[in-house]
Amino acid sequence: LSAPLFGQAPAPGPEFEVASIKPGEPIVAGSGTQVNIGVHIDGSQWHAVSFTLKDYIRIAYRVKDFQVIGPDWIGVDRFDISAKIPAGVGREKAPEMLQALLAERFGLKIHHDKKEFPVYGLIVTKEDKLKPSVETEEEKSEAAKGPVEVNATGSGRGVNVNYGHGSYVSFADNKLDAKRLSMTILADWLSRFLDRPVVDMTGLTGNYDYKIDVPEEEYRVMLIRSAIAAGVALPPEVLRMVAGATDDALYSALAGYGLKLEPRKAPLDVIVVDHADKTPTAN
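Residues numbered from 1 in each chain as written. Predicted model: local features only at pLDDT ≥ 70, side-chain atom pairs only at ≥ 80, totals over all residues. Heavy atoms only, no water.

### Comments concerning the pattern of salt bridges
Argument step 1. In the structure shown here, the tally under the stated rule is ten salt bridges.
Argument step 2. Salt-bridge contacts for D177 lead to K211; the nearest nitrogen and oxygen are separated by 3.1 Å. Of this pair, D177 sits in strand β10 (residues 175-182) while K211 sits in strand β12 (residues 207-213), and the two are 34 residues apart along the sequence.
Argument step 3. The partner of R220 in a salt bridge is E216, with the nearest N and O atoms 3.5 Å apart. (Salt bridge = Lys/Arg side-chain N within 4 Å of Asp/Glu carboxyl O. Helix = DSSP H or I, 4+ residues; strand = E, 2+ residues; numbered from the N terminus.)

Encoded structure:
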């Protein structure tokens, strides 16, 4: 029995029933307009707005932005995707379906590798300073049955991300205000504001609330780094503002929650893009 089975190709993974890909709105610094980015999953409908191909690869393969290696354009050109999840397939399979869609429509070819990165390890120094978020039984019930929706808005005044079910991050007016964030998501957010990726090494699985104030100069630098991480085109004079910048206020605020960022090196998995078409095949 094993002999004929050995040579068979692996069973195909799940695929979206139908999908539409359209060019997304470019994000340009200094335009004065608010940018909306988000993913919405409701029933069988999966929608993503204004993500780059690099973002879609990150979502499809469940990795972070710095773990996707490829040509510069994959982090610049933006696309909107609307797709239908087949009947009987759980929405948790959306990343696998997105993998198939990117291979079919963008001709995406990748390989897996490992690379050593300079990182900040997010560690706990005093766990008793962290207070888990309070969630009522009613909220837990709504979270279990409600649609999944992640919406992000951004402009020169700040960035806001709503993860749904009471979980959000607001970075505006010289402060970071966050509610019901896991340590993994907090590490992802800190990566946007610092000069190297942040890896969650706390071992904590709960959700927590944060309020972090930063001075104007440091806040401005953090906004610039956040814009760079989002693929926003910035002029050279703005980029020079981050050279030699310090993050003392952020470190001090994290210490108040019993957290610390420790410089380390870590071998991490990476997705290497071998080929991708700039224009997807027609709908």
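### Remarks on the packing of helix α2 (residues 53-61) against helix α3 (residues 94-105)
Argument step 1. At their nearest, the axes of α2 and α3 sit 7 Å apart, and the two run at 135° to each other. Relative to α3, the element α2 is oriented oblique. Helix-helix and strand crossings are classified by hand; for α2 and α3 the assignment is left-handed. Between α2, through L53, Y56, I57, I59, A60 and Y61, and α3, the contact on the second element is made entirely by P95, L98, Q99 and L102.
Argument step 2. Here the residues of the contact of α2 with α3 are counted per class, giving nine nonpolar, one polar and no charged. (Axes fitted to C-alpha atoms, helices over the stretch in contact; angles between N-to-C directions. Parallel < 35°, antiparallel > 145°, perpendicular 65-115°, else oblique. Left-handed = near helix turned anticlockwise from the far one by under 90°. Contact = heavy atoms within 4.5 Å. Nonpolar A, V, L, I, M, F, W, Y, C, P; charged D, E, K, R; others polar.)

### Things to note about the sheet that holds strand β11 (residues 198-200)
Argument step 1. Here we have four strands laid out as an open sheet, ordered β4-β13-β6-β11, and mixed in their pairing. Each end of this open sheet is capped by a strand with a single partner; those strands are β4 (68-69) and β11.
Argument step 2. Note that β4 and strand β13 (residues 259-275) share two bridges and pair parallel. Its bridge partner lying in β13, V68 is registered against I271. (Pairing = 2+ DSSP bridges.)

### Describing unusual backbone geometry
Argument step 1. Of note in this structure, D173 is not a glycine but carries a positive phi near 55°.
Argument step 2. Tracing the sequence through the fold places D173 in the loop between β9 (167-172) and β10.
Argument step 3. Located in the positive-phi region is N174, a residue other than glycine, with phi close to 65°.
Argument step 4. Relative to the assigned elements, N174 resides in the loop between β9 and β10.

### Focus on the environment of L122
Argument step 1. By the element assignment, L122 lies in strand β6 (residues 109-124).
Argument step 2. For L122, a relative accessible area of 0% gives the class buried.
Argument step 3. Linking L122 and K260, residues 138 residues apart in sequence, is a C-alpha distance of 5.8 Å.
Argument step 4. What L122 contacts, discounting residues up to four positions off in sequence, is M183, L186, A187, L190, V198, V199, D200, M201, T202, L259, K260 and L261. (Buried < 20%, exposed > 50% of the residue type's maximum accessible area, 1.4 Å probe, protein only.)

### Quick word on the pairing of β13
Strand residues, when the strand is regular, have side chains that alternate between the two faces of the sheet.
Argument step 1. Inspection of the sheet shows β6 paired to β13 by 16 bridges, in the antiparallel sense. When the bridges of β13 are listed, L122 appears paired with L261.

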